[in-house]
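So the chains spell out like this:
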Amino acid sequence: PHHEGSDDDDGDGNDHDDDEDKKNNSDANPSDDDDNDNDSDEDEATIEARKKRAKEISKLRKEVNAANNAKARTEAQRDVAKQKEEAMRRSLLGQSAESERKRSIGGYGDDGSDENDSADGMDHDGTHLDIGPSIKKKRAEPSNPWDEKPKPSLIANMGGDTTPVHDFSKKLGMSKISLDGSVLYPTEGSLPWEPPAQPSDFLDGCLELELPDFDSSAGSHSGNNTIAVKFHAPQDSKRFSINIAAPNHDHYNDILFHFNPRHFKKGGQLVINNRVESMWGNDLAMPLSTLPMIYGVDSVTLVVQINEEGFDVFVQGQHCARLEHRTPLPKRKGPLFLQFPSSDDYGNPENWMVYRVWWGRKRSMADDLNGVAGVDLYSSVHPKKLFLSGLHKLRSDPEVDLRKAELERAFRKYGGPSGAVLVSVQKNSTFAFVEVHSEQLADRALVEMARKYKVNKARRTKHEALMEERAAKEGGAKESGVDWD
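What counts as what
Residues numbered from 1 in each chain as written. Predicted model: local features only at pLDDT ≥ 70, side-chain atom pairs only at ≥ 80, totals over all residues. Heavy atoms only, no water. Core = buried A, V, L, I, M, F, W, Y, C linked by side-chain atoms within 4.5 Å. Buried < 20%, exposed > 50% of the residue type's maximum accessible area, 1.4 Å probe, protein only. Contact = heavy atoms within 4.5 Å. 1 Å grid on protein atoms, 1.4 Å probe; cavity = no way out; pocket = protein on both sides within 12 Å on 5 of 7 lines; lining within 4 Å. Points joined across faces, edges and corners; volume = space filled by probe spheres on them. Helix = DSSP H or I, 4+ residues; strand = E, 2+ residues; numbered from the N terminus. Pairing = 2+ DSSP bridges. Axes fitted to C-alpha atoms, helices over the stretch in contact; angles between N-to-C directions.

Let us now look at the nonpolar core. Ranked by internal contacts, the top residues of the largest apolar core, which has 44 residues, are Phe231, Phe257, Ile272, Phe311, Leu338, Phe340 and Trp352. The contacts of Trp352, once residues within four sequence positions are left out, are Trp193, Glu194, Pro195, Phe231, His232, Ala233, Pro234, Phe240, Ser241, Ile242 and Phe340.

Following this line, the structure appears as structure tokens:
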């Protein structure tokens, strides 16, 4: 029977057996105490590792925060620099910072403040950065892109209104409503002129304009004398040309003035010349490198002024050349003709674009003639030589001899005491040269022989001018009694 207070915990009455079981279990698991000791050692190592990792994370966070702070300071300095630049821009444009701020208020909300205003001037760590007043931009209003116009640059605002590529500078006074001239091209609704891609000749698709009210009489102050052309020549363009002719130009076989920039000939040349009965004269050539840019720029302004001496040529305001008159101008007040050929004499198409043409009267722009090509190169008119044109073409040597004999007889009375005149005739030509005894007799022949021949004063060749200059120097040396030999 079971008694209260006995040690039989399991109530089976076998206390001895229980003690034996505990002993046996203890002998069967001798490593339980060792496992508990190992668990405590592992817990201490984990704690140490976690502490070390926490320190590393804390250090890393400090480094990241320091980098962010440095970045924020750099951005703040950059913002200050931008604000100073914006303030300088407004001062150059004549705008104050206060007016700019007032115009910008209201673009972000009803109260005129941005939703990020509270964060302005604050660093990531809450430090206040003194970066000056904030500048807000207006919200862009939706607009029609076809109505937008290019805004002038800052430099243009400082110097005045910019000049469109298709118009003349206001300083020239060559607008449509100018009192001293008018715009001949373009007419209303027309586009810039370009030569056709494959013209049959230089007349096919050319642009021809009449220049009214030209007066070449000496002392005239009423006739037009100035042509202005605004044009664009692409970088790959080889050449283009402009011609000025009298009314009787015979399909431009007679040209008073020829302007022809050649992009790739001899490194680039500007050639100026005239034409008489389909024959070109001695050209006046100058390197393009000495002139303002003509090819590959947005637009170029060419001005040609006709005066008593010749044709003065200005490119972008620079006096580049003068072609002295080689053919007499029309004596009566009337029109000239301006032509933009579509090709050269060989049918090669020209590549350029004409924006605007103006014709009117302007005072002479030729102030300083020093270094201008064609000015005083040599005297343009020969004092004693006459040029006869419009003759029948000579096709054989006997015809040349007959022509010489005919002219010698016709002009013998202008040969002085001996009656000798010097006649020059070339085969396959329709002109001739006659040199008389003196300048007075040459002037007399111009009047008396005008009924029978088409006669004008001839131009001296450069060789003749140099020879006469040399003769004059030698004559001066002899008169001074100095023997240069």
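Alright, that's what it looks like, and here's the rest.
Moving on, we come to empty space enclosed by the protein. Counted under the stated rule, the structure contains 1 cavity of 30 Å³ or more. The calculated volume of the largest cavity comes to roughly 50 Å³. Around the largest cavity sit Ile227, Val229, Ile242, Ile244, Phe257, Phe259, Leu302, Val304 and Leu338, which together line it. Elements with a contribution of two residues or more to the lining of the largest cavity: strand E3 (226–232), strand E4 (242–245), strand E5 (255–262) and strand E9 (300–306).

Of all the 7 residues making up strand E11 (residues 318–324), 6 are buried; the element is thus mostly covered by neighbouring parts of the structure. Between the end of strand E10 (residues 310–315) and the start of E11, which pair antiparallel, lie 2 residues, with Gln316 showing a positive phi angle near 55°.

Another aspect to go through is the environment of His166. Mapped onto the secondary structure, His166 falls in the loop between helix H4 (154–159) and strand E1 (181–185). Judged by its relative accessible area of 40%, His166 falls in the partly exposed class. Sequence separation of His166 and Tyr355 is 189 residues, and the distance between their C-alpha atoms is 5.1 Å. Apart from residues no more than four positions distant in its own chain, His166 is found in contact with Lys230, Tyr355 and Arg356.

Counting buried positions along E5 yields 8 of 8 residues, so the element is predominantly enclosed. Bridge count for E4 against E5 is 3 bridges, and the pairing is antiparallel. Across the sheet, the residue bridging to Ile244 is Phe257, located in E5. Across 6 bridges, the pairing between E5 and strand E6 (residues 269–276) is antiparallel. Paired with Arg262 across the strands is Gln269, a residue of E6. Turn length for the E5-E6 hairpin, with the two strands adjacent in sequence and antiparallel, is 6 residues, and the turn residue Lys266 shows positive phi of about 50°.

Time to look at the sheet that holds E9. In spatial order, the strands read E1-E13-E3-E9-E10-E11; together these 6 strands make up an open sheet with antiparallel pairing. Bordering the open sheet on either side are E1 and E11, each of which pairs with just one other strand. Adjacent strand axes in the sheet meet at a mean angle of 20°, parallel and antiparallel pairs treated alike.

Take it as geometry only, folks, not as evidence of what the structure does.
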